[in-house]
Amino acid sequence: MHAGLHSRLSSHHQRGKHNHHRHNSSSLEEGLANLDETTNGNAPAPPARTRRGNYNNNNTNSFWSNGKNGGGQTNAFSRDGAIPSVLRDKFGTHTGGNKNKTISAWKRWQPLLFAAILIGFPLSNAVFFFGAHVMPTLFSSGSSSGLEQSGMMSPATSKSPKFSGKQKEGVFGAIGSEYEDEGDENEDEEVSDDFMEGYDHKKNKKKSLDRKRKMDPSTTEPFPALSDFLDPYREHYESFFDASSEAWRIKKYGRICIVSDYVLGLSTGSGPATAVTTLAEELHESGFDVTILYTGYAIHKPPDVEFWTGYYTAKGINVIALPETGVSYDVPVDVAIAHRVFMWMNDQQWYDCVHFLDNRGRGYFALTAKKQALAFKHTEFVVHAQQPHLWYKTNSLQTLDTLHDLVIDYLEKEQMKMADHIVAPSQYILKWFAEQGWEWNRTKSTRVHTNPLPKWVKSKNKIAHEASTINEIVFFSRFELRKGIVLFCDAMDQLALRGDTQIMKGVRVTFLGHLSNSAEEKLTIKGGARARVDQYIRQRAKKWSFHWQILKDMDVKQRYEYIEEGNANNKLVVLPSLLENSPYTLVECLVMGIPVVASDVGSAREFIDDDDAERVLFVPTPKPLAGKIRDILKNGFVPGKSKIKQDVEKDWTIWQHHLVHQSKDSSNAMSTLQTWEEPLVTVIVVTYNNPKLLKQALQSIYEQEYTKVEVVLIDDGSTLPEAQAYLREIDAEFKRKGWVYLQQDNRGPGAARNNGAKHARGEFIMFMDDDNFAKPKEIATFVSVAMHTKADVLTCTNEYFYGLELPGNRPPIGRWVPLGAATTVGMFQNLYGDTNAMIRRKVFLDLGGFPEDYGYALEDWELFSKSVLGGYKLESIPSPLYWYRIRDTSHSHETAKYGNAARTIRPYLRQIPQKLHHIVLFAQGMKDSHDVAAGQLEEQNGQMRDVRKMLKTLATSLNDLCDDGLIPTTAKNQVENSQFALDEDDPSIVESPSYERLEEKNKRFKSWSPFADGYNIDKRNGRISESSSDTRALRMQNPDWKDARGAVQEIHLHQKEPSAVIISGWSKARDVSGASDGGYSIYADIKFIDGKMMYGYSVAFDVGTHTWQFKAGVIDPIVAIESITLYAMFRWHAGTAWFDDVTVSSLKEGLCDYTKLTLEGLGPDKGNGGKIGPGGNRDEL
């Protein structure tokens, strides 16, 4: 438990205890008298309910509370009256003639009730007292002793640290304090002196209670609608909708940019893609100059981006794929993309308004630059609250398993906090933000407004008044767990029961939506295997007696064309999502009058007409969904109506006009430069045996645009003669400038910097390494941002370069972009900033400076953690302000990795009780293990790529020798009919009974016997190559992973001496489940001439979906081989597999043939290895 909870929980329980005694102050006789009144039918009304859920009436016994008494016990009184349920069951509640019987029964039960009261109340009080006082005391004392034993506190000052609600929250500060009462205002604000060793903790002056109450969703009023906000402006902007009006001059200056990972055509037909593209089209048609910056290109790189940019250009919309910079980013990918967006925008002509989606925080650095008054002073930034990362992952039942999750969460939260305007499609998602403790300007700039609808949807707007008969049920969403695919299958199981056989007669069930290839979207089928969702559906459908189908995915319009074909209202769309924010599909169906039912989750109710909500919505569990469908199949269904107003798009346009004018007004208002007295900045440089690079670093300080600077140079015990000579040379120069030069014994950079800080006179201290090079604006920018933001600590982006010469005008080879005060990320990785940073001198001294542990590095990380967790404000500047020289001999490279990590975690450990330290250390260790494993995997992948190149080179050389006749080519493939090239009328083909139960008529080869359920001869999908032009192949399809199919052939080798044998073959796959193993392989049982057997030799193919793939293996026996039983094997997997060109030959004799096959198998150097995915083509199958 967080140590800061101790006092809060104690005060909570204390208040609860006082309420308990207050409620129980009335006598037992009074309570029994009230009960007598109740039995006579004169029960008093229940008292009013307070915010905490307890009734507050000093004259009423605590049993009157609804469900909870003052002490937190559950009572037996019902909601609709004051009679205990146990007494009501025994005596009844009737009056009149039975009155005497009731009173008589009451008298018989009086002793028992008295005994229960007399025993129950003291017992409950004892339990409550133990929980409220004894447990916190035990916990806090345990923590204190643990801290003392760990040496983190001196015995003389040993006491448990206090964490008050007023203290500036660090990583763990919000735990347990979301709903504090007024009583918390009196909590002790004192922070113990030993809370953080070496400095005085800065107290937060902001009232915790007010902030928590604002974030309490239960007390939050509905967020304002955009339409209500625009009412005062409608008349003013109405002229913009008159085509003959001169007000269309808005075209000349209304520049809008929408930054998005999602654009229709370049990404799947998701809700965000529809919202972004439709908004862009509406604003363009309303006279705005619209640009879409497509950031999804940085990740997915769709091959048809040029086509779609041309398509949108023809429509008057500029679509720009985020340009590549040629600079490598040494940060997580989403940090890099957000920074590239900032750099791109900073190079463009200004935009009046820029829209960002919340997901992945693409606008974080642009908004940071505006907050720091570095750029975009005249631009209005709008963030669309659509689908935050943690909302998606947690509601998709996915774990937070990488540091990247924490990085994205921070980007999104800070982007929203800095936004000029927030717009959300629903009240629901904004309440979710509030419940999660997100901070933003909730009153001034937050608006709720429905996403614009595509024109083709609005053109089909209709309201149905008559019930239609349903004969098809359509699952109409992405095949994902969050979209309710499992829930829908569970409901279908319910409808497949015998009692519903007649209801489902003639009804078809259709699955229509996007099928993801992501491993995260695989579901578990019987046997524990992980299968793609379509295979999961096939497994579930074995119980269904009705007809069902999975349709190939279509674009959005084609899906609706399918729904509307024939009788437009005979298909029922089912949307069984487990959670939704802005369900576009639901809205589109409601607008177009399509029969639809949906889960009553998230924001769904906000989009449905109040009169239709109960008919359309269902509780997201199988039984209610099955019941809803059953009722609709019996009685028909009148499609529900939408609650969305007709002028949604018009309001979007009016708002953009308002934002453009607001941008101009704010630009004029901000044109006055802010002035302040220039503070003195002390630049502290530590050097050690580095004279040449030190000279360059000092040169960069001389060239700074900001001139109110002093330098303190510390020589940390340099030993090289040339270093000592240069330091003597500059000593005189420093004295002339009034600067400071110090020498000390070698104690490490932390101690040297602290020594320099003691001699600093400036209000700010800037630290600089002797091998870095400051850009001319570095100090000026630091000072400007510090004055604008009141920051205590400032870090910045840097750019990498190699070499011992000056960076000059060369392009950087890399870029490192810190995030800022990301405390959750900072526990595991330093994204606070680099040593080259600026800090207020007073703050630096309060923090106790850098740690001085000799022989370790990363002291800057620990200092930044101490400052942020201590309540000081850290700002990271997105502009690159200095050059970072890459050297193998840097201090951090020469120190112990795990020792450094142990130091950087210390500020976090000081924030939490000793008993929880092991959890934090375990999390840090797991993260380190993850990094090591990832590094090893990448190293192995690199080695495999190198081996592949060498193998291809070797095979190419051998193939040249074979072509020149220098290697014998008399190899014989021992497999009969290896290419399955015989004609159907050939006597080698016979009838195969193996598929009779599947009602298929098939044939098989005499040379290939069926294994288990056999195989099919596929006449059209064989492998075509230089060595094989036949189109036949073996095809095996397993509807279930338990099924087994294959072809088997006995091959007699009769070796006299042991000789290596090559076994190889080709296969392609579609939706093969499970993991790669011998169940999907060229499989062999080997018999040796001494009679011994080796079973289960296999050459396994990849699972999933892939085109023709070559695999081979070499058997190098010690004993000569008599025979091989060869299988084309497909078992333990669901899906479809094809086999072709199977070979068994002597390596010695068949080297040339094997070499050709190897070259074909290696193929061209493609990045995806023929896998179906981004850049692949599923139609190749």
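Residues take numbers from 1 onward in each chain, read along the sequence in its written order. The predicted origin of the model limits local features to residues at a pLDDT of at least 70 and limits the giving and counting of side-chain atom pairs to 80 or more, whereas totals for whole chains, interfaces and linings rest on all residues. To obtain the side-chain values, all non-hydrogen atoms of the structure were used and water was disregarded.

An unreviewed UniProt entry annotates the protein chain as Glycosyl transferase family 2 originating from Bathycoccus prasinos.

Numbering of helices and strands runs from the N terminus, with a helix taken as a DSSP run of H or I at least four residues long and a strand as a DSSP run of E at least two residues long. Structurally, Gln974 can be placed in the loop between helix H33 (917-963) and strand E26 (989-992). Spatially, the C-alpha atom of Gln974 lies 9.9 Å from that of Glu1050, the residues being 76 residues apart in sequence. Should any heavy atoms of two residues lie within 4.5 Å, those residues are counted as being in contact. Once you skip the residues sitting within four places of it in the chain, Gln974 turns out to touch Gln1049, Ile1051, His1052, Leu1053 and Val1144.

Across the protein chain, pLDDT averages 76, with 71% of residues at or above 70. The score called pLDDT rates the predictor's confidence residue by residue, from a low of 0 to a high of 100. Confidence over residues 246-251 falls short of pLDDT 50; this stretch has 15 contacts with residues more than four positions distant or in other chains. Confidence drops under pLDDT 50 across residues 891-895; counting only partners more than four residues distant or on other chains, this segment forms 14 contacts.

A pair of Phe, Tyr and Trp rings is counted when the ring centres sit within 6.5 Å of each other, with Trp represented by its six-membered ring. The angle between the planes then sorts it: under 30 degrees is stacked, over 60 is edge-to-face, the rest tilted. Across all of its chains, the model carries 41 aromatic pairs by this definition. Here the aromatic rings of Phe376 and Phe381 are separated by 5.7 Å at their centres, their planes lie at 85 degrees, and the arrangement is edge-to-face. As far as burial versus exposure is concerned, Phe376 and Phe381 are alike and both buried. By the ring-pair criterion, three or more aromatic residues cluster together here, those being Phe475, Phe479, Phe488, Phe511, Trp544, Phe546 and Trp548. A positively charged side chain is recorded as over a ring if its NZ (Lys) or CZ (Arg) lies within 6 Å of the ring centre. The angle to the ring normal must also be within 35 degrees. The ring of Trp739 carries Lys737 above its face, with NZ or CZ at 5.1 Å from the centroid. Sitting over the ring of Trp1066, Arg1023 keeps its end group 3.5 Å from the ring centre. Exposure categories follow from relative accessible area, calculated using a 1.4 Å probe and restricted to protein chains: below 20% of the type maximum is buried, above 50% is exposed, and the middle band is partly exposed.

Attention shifts here to the sheet that holds strand E33 (residues 1080-1088). With antiparallel pairing, the 5 strands of this open sheet are ordered in space as E28-E31-E36-E33-E34. Two strands lie at the open edges of the sheet, namely strand E28 (1009-1012) and strand E34 (1093-1100), each paired on one side alone. Recorded for the sheet is a direction-independent mean angle of 25 degrees between the axes of neighbouring strands. The pairing of E28 with strand E31 (residues 1044-1052) spans 4 bridges and is antiparallel. Residue pairing in the sheet places Phe1011 in a bridge with Gly1046 of E31. Should DSSP find at least two bridges between two strands, the strands are regarded as paired. Comment: axis = line fitted to C-alpha atoms, over the contacting stretch for helices; angle = value between 0 and 180 degrees taken between N-to-C directions.

Where strand E14 (residues 571-575) lies against strand E15 (residues 596-599), 3 bridges are found, and the strand directions are parallel. Across the sheet, the residue bridging to Val573 is Val596, located in E15. Handedness of the crossover joining E14 and E15 through helix H20 (residues 584-592) is recorded here as right-handed. Here 2 bridges tie E15 to strand E16 (residues 617-618), and the two strands are oriented parallel to one another. In the strand pairing of E16, Ala598 is matched with Leu617. The handedness rule is simple: strands pointing away from the viewer, and a clockwise path from the first strand over the helix to the second, make the crossover right-handed.

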